[in-house]
Amino acid sequence: QVQLVESGGGSVQAGGSLRLSCAASGRTYNIAAMGWFRQAPGKERDVVATISWRTSNIYYADSVKGRFTISRDNAKNTVYLQMNSLKPEDTAVYYCAASTSAWRTGLQTYDMDYWGKGTLVTVST
């Protein structure tokens, strides 16, 4: 099993920045990829960004390209999401997830094996 704990959510005004962190513990040697997903009220959970745990492969949803940056620290078993130029439409619960399957571009929610409990990000005008 892999446990994921997110931190760093909060409230910010439009144009501001937040940094999310996700610490993995347990059988982390099984992890092949990690990612951030988000779910806004009344909407489905969608991918934001994913990163391979062993290579330099990264994927971003079009809606966050150029504003968000995903990164990882393998020594700390931690993945980060730096969010800049935040917009009200970025308001959502952000979830960290891990996959034990091989990396591929466009990992979706059904590809992920483990999930954190989520952290709320609220962007006001």
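Residue positions are counted from 1 within each chain, in the order its sequence is given. With the structure being a predicted model, the display of local features is reserved for residues of pLDDT at least 70 and the display and counting of side-chain atom pairs for 80 or more, all residues being used for whole-chain, interface and lining totals. Processing note: side-chain calculations cover all non-hydrogen atoms of the structure and skip hydrogens and water entirely.

Q: Would you explain the pattern of salt bridges in this entry?
A: Between side chains of opposite charge, a pair can form as their charged atoms come close. Within this document, salt bridges are pairs made up of a side-chain nitrogen of Lys or Arg and a carboxyl oxygen of Asp or Glu, the two lying within 4 Å of each other. The full count for this structure, using the stated rule, is 4 salt bridges. The residue Asp90 makes a salt bridge to Arg38 at a minimum N-O spacing of 2.9 Å. Note that Asp90 is positioned in the loop between strand S8 (78–83) and strand S9 (92–99) and Arg38 in strand S4 (residues 33–39), a separation of 52 residues in sequence. Classification of residues uses two cut-offs on accessible area relative to the type maximum, computed with a 1.4 Å probe and protein chains only: under 20% is buried, over 50% is exposed, and between them is partly exposed. Note on Asp90: relative accessible area 0%, which makes it buried. Here Arg38 falls in the buried class, since its relative accessible area comes to 14%. The residue Asp62 makes a salt bridge to Lys65 at a minimum N-O spacing of 3.1 Å. Asp62 gets classed as exposed once you look at its relative accessible area, which sits at 63%. Through salt bridges with shared partners, a single network forms among Arg38, Arg67 and Asp90. By the criteria applied, helices consist of DSSP H or I runs no shorter than four residues and strands consist of E runs no shorter than two, each listed in order from the N terminus.

Q: Even after reading the chapter, I still don't get the packing of aromatic side chains, so can you show me in this structure?
A: How two aromatic rings sit relative to each other is set out by the distance from centre to centre and by the angle between their planes. Centres within 6.5 Å make a pair out of two Phe, Tyr or Trp rings, where for Trp the six-membered ring is used; the pair is then stacked when the planes are under 30 degrees apart, edge-to-face when over 60, and tilted otherwise. Within this structure, the stated rule accounts for 2 aromatic pairs. Residues Tyr95 and Trp115 carry aromatic rings whose centres are separated by 6.4 Å and whose planes lie at 80° to one another, so their mutual orientation is edge-to-face. Residue Tyr95 is found in strand S9, and its partner Trp115 is found in strand S10 (residues 114–115); the two are separated by 20 residues along the sequence. By relative accessible area, Trp115 is classed as partly exposed at 29%.

Q: Please clarify how unusual backbone geometry should be interpreted in this entry.
A: Negative phi values dominate among residues other than glycine, just as trans dominates among peptide bonds. Even without being a glycine, Asn77 presents a positive backbone phi close to 50°. The topology assignment puts Asn77 in the loop between strand S7 (68–73) and S8. Taking relative accessible area as the criterion, Asn77 reaches 22% and is therefore assigned partly exposed. Notably, Ser85 is not glycine yet its phi reads approximately 50°, a positive angle. Its place among the elements puts Ser85 in the loop between S8 and S9. A relative accessible area of 41% means that Ser85 is categorised as partly exposed.

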